[in-house]
Amino acid sequence: MKKGLIVQKFGGSSVANVERIKNVAKRVAGYKKSGYDLVVVVSALGDTTDELIELAHKVILEPPEREMDMLLSTGEQISVSLLAMAIYKLGFEAVSFTGAQGGIITDTSHTKARIIEINTDKIKKELRKGRIVIVAGFQGATLNQDITTLGRGGSDLTAVALAKELRADECQIYTDVDGIYTADPRIEPKAKKIDFITYDEMLEMASLGAQVMQARSIEVAKKFNVPIHVRSSFSRLCGTMILKEVKRMEEVVVSGVTLNKNEAKITVCNVPDRPGVAARIFKDLSGSGINVDMIVQNVSHLRQTDISFTVSKADVLRAIKLTRSVAKSIGAGEVLEDQDIVRVSVVGVGMKSHHGVAAAMFGVLAKNKTNIEMISTSDISISCIIQRKFAESAVRALHEKFKLAK
Ligand code: ADP
Ligand code: ASP
Ligand code: MG
């Protein structure tokens, strides 16, 4: 009996070796046997993407982004073909596609391309033949047929976008944890699995460092209301449902603590305190496609001030180069960098209607003898930049303070 269509995504750790690929094949075949149509998205094996990046950097410090996409997309081509073979071996028909063959058309921003359209004709044709369709995650192609990638963790986005486009009944994200936890379980073993979480909270947690889901995939899921089930590829347990609304018996103020180790801080010293100077600094950065995150400008003394901001570690070399040249032209002083910082954040929709969370957070960090270097807030989160050596202890102390293990 036909049961509907499921999009399943298996992350790198779920296909890290041959045994695991066989395990995924069994799981996929089980769903097929029970009557589902299946589109399966796979990431590159284990740490392949990191290894390919390292390889490129051995050749050149700042690789051309088009060539980087050409290189990185090979990782997922390996896993889709191997999974198709493993499924064949179990007696089922499977066909593997690259992103381009799967009809994923993107813009031309290499290494962080956006999907502009998905032409699902080829996928649907194969599904009608009764085949399991396996699509390489994390990649697409421009209208000009140049290969692009969708940003780190981009296979999540491939899965969500395909689920939306194919009107799938479910989008299942299989990973190496049982679901979304109140903190990264590798850092806080007492972290608890969350059964239901809203798109808004998940988006905030993902943007602030919870790598379990790519932030942009949640943006798309929210926009098109695609329900997501995050679960383990190593167990049959129910995981976490990510939904528009979650009914809770009691309002939760803080739902999770996150840690982001991927930012670096840049400080421009002795910036002349006059209109237009900040605009100059940040215009050049944004013009080069560099995303600036937290910004702090100190109180001006003697008509000079320091401006600090954070950028992703991947952009830090370019950002420093650009900032040094702007600093020179506006008569500012030294440009300093600090790559030994992290961002620790607390997230929760309940913060909209409760006060005292910031005070409690700062109190915990103070007790932990941790200096706060920068602070930023949103409707549903508070973040502090602190030194890296305090990262893990800060996460655990905040987890305890907000009683997340209960
Ligand atoms: P995949 O290879 O399946 O895409 P990722 O490594 O991208 O997996 O994401 C899973 C990892 O995310 C987990 O192993 C876990 O350490 C980490 N993680 C960080 N924050 C959280 C969180 N709040 N809940 C669950 N996992 C988290
Ligand atoms: N392989 C890619 C990465 O490591 C995409 C993904 O895993 O989702 O970022
Ligand atoms: Mg991932």
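We now turn to the structure provided with this report.

Cut-offs and rules
Residues numbered from 1 in each chain as written. Chains lettered and ligands numbered in written order. Predicted model: local features only at pLDDT ≥ 70, side-chain atom pairs only at ≥ 80, totals over all residues. Heavy atoms only, no water. Near = heavy atom within 4 Å. Polar contact = N/O pair within 3.5 Å; in protein donor to acceptor, adjacent residues only side chain to side chain. Areas by Shrake-Rupley, 256 points an atom, 1.4 Å probe, with all protein chains shown as cover. Nonpolar A, V, L, I, M, F, W, Y, C, P; charged D, E, K, R; others polar. Helix = DSSP H or I, 4+ residues; strand = E, 2+ residues; numbered from the N terminus. Expected span 1.5 Å × (residues − 1). Contact = heavy atoms within 4.5 Å. Pairing = 2+ DSSP bridges. Axes fitted to C-alpha atoms, helices over the stretch in contact; angles between N-to-C directions. Parallel < 35°, antiparallel > 145°, perpendicular 65-115°, else oblique. Left-handed = near helix turned anticlockwise from the far one by under 90°. Core = buried A, V, L, I, M, F, W, Y, C linked by side-chain atoms within 4.5 Å. Buried < 20%, exposed > 50% of the residue type's maximum accessible area, 1.4 Å probe, protein only.

**Some points on the site of ligand 1**
Reasoning step 1: With respect to spatial proximity, 19 residues lie near ligand 1, and among them T175, D176, Y181, D184 and R186 are the closest.
Reasoning step 2: The side chain of T175 places a nitrogen or oxygen atom 2.7 Å from an oxygen atom of ligand 1.
Reasoning step 3: Measuring from an oxygen atom of ligand 1, one finds a side-chain N or O atom of D184 at 2.7 Å.
Reasoning step 4: Here ligand 1 has 570 Å² of accessible area as a free molecule, and 89% of this is covered by the chains.
Reasoning step 5: Its residues assigned to classes, the shell around ligand 1 comprises nine nonpolar, six polar and four charged.

**Section: helix α9 (residues 316–330)**
Reasoning step 1: Across its 15 residues, α9 extends 21 Å between first and last C-alpha, which sits within 8% of the 21 Å expected from 1.5 Å per residue.
Reasoning step 2: Buried residues belonging to α9 abut β14 (263–272), α8 (277–287), β16 (304–312) and β17 (335–338).

**Examining the sheet that holds strand β1 (residues 4–10)**
Reasoning step 1: One open sheet holds the eight strands; their spatial order is β3-β6-β2-β1-β9-β11-β12-β10, and the pairing between them is mixed. Each end of this open sheet is capped by a strand with a single partner; those strands are β3 (94–97) and β10 (196–198). Strand-to-strand twist in this sheet, taken as the mean axis angle between neighbours without regard to direction, amounts to 20°.
Reasoning step 2: With four bridges joining them, strand β2 (residues 36–42) and strand β6 (residues 132–136) adopt parallel strand pairing. Counterpart to V40 in the pairing with β6 is I134.
Reasoning step 3: Relative to the sheet, helix α6 (residues 199–207) contacts β10 and β12 (240–243), its axis offset from that of β10 by approximately 80°.

**Observations concerning the sheet that holds β17**
Reasoning step 1: One open sheet accounts for four strands, arranged β15-β16-β14-β17; its pairing is antiparallel. Edge positions in the sheet fall to β15 (292–297) and β17, since each of these pairs with one other strand and no more. Across the sheet, the mean angle from the axis of one strand to that of its neighbour is 20°, orientation sign disregarded.
Reasoning step 2: Here β15 runs beside β16; their pairing, made up of four bridges, is antiparallel. The residue of β16 that forms the bridge with I295 is F309.
Reasoning step 3: Here α8 sits on the sheet in contact with β14, β15 and β16, set at roughly 20° to β16.
Reasoning step 4: Across the face of the sheet, α9 comes into contact with β14, β16 and β17 while running at roughly 0° to β14.

**Some details on the packing of α8 against α9**
Reasoning step 1: Between α8 and α9, whose axes approach to 9 Å, the crossing angle comes to 150°. By the angle between their directions, the pair α8 and α9 is classed as roughly antiparallel. The hand of the α8/α9 crossing is right-handed. Here V277, R280, I281, D284 and L285 of α8 lie close against α9, whose contacting residues are A319, L322, T323, V326, S329 and I330.
Reasoning step 2: The class makeup of the residues in the contact of α8 with α9 is seven nonpolar, two polar and two charged.

**Things to note about the site of ligand 2**
Reasoning step 1: The environment of ligand 2 is formed by S43, A44, T49, E76, F138, R152, G153, G154 and S155.
Reasoning step 2: At 2.8 Å, a side-chain N or O of T49 approaches a nitrogen atom of ligand 2.
Reasoning step 3: Separating an oxygen atom of ligand 2 from a backbone N or O atom of G153 is a distance of 2.9 Å.
Reasoning step 4: If ligand 2 stood free it would expose 260 Å²; the protein chains cover 86% of that surface.
Reasoning step 5: Taken together, the residues of the shell around ligand 2 sort by class into two nonpolar, five polar and two charged.

**A closer look at the nonpolar core**
Reasoning step 1: Counting 40 residues, the largest nonpolar core has V39, I123, M202, M213, I228 and I242 as its most contacted members.
Reasoning step 2: For I123, the residues in contact, after removing those within four places along its chain, are V39, F97, G102, V133, V135, L162 and L166.
Reasoning step 3: Judged by nonpolar contacts, the second largest core, of 25 residues, contains I187, A191, L365 and A391.

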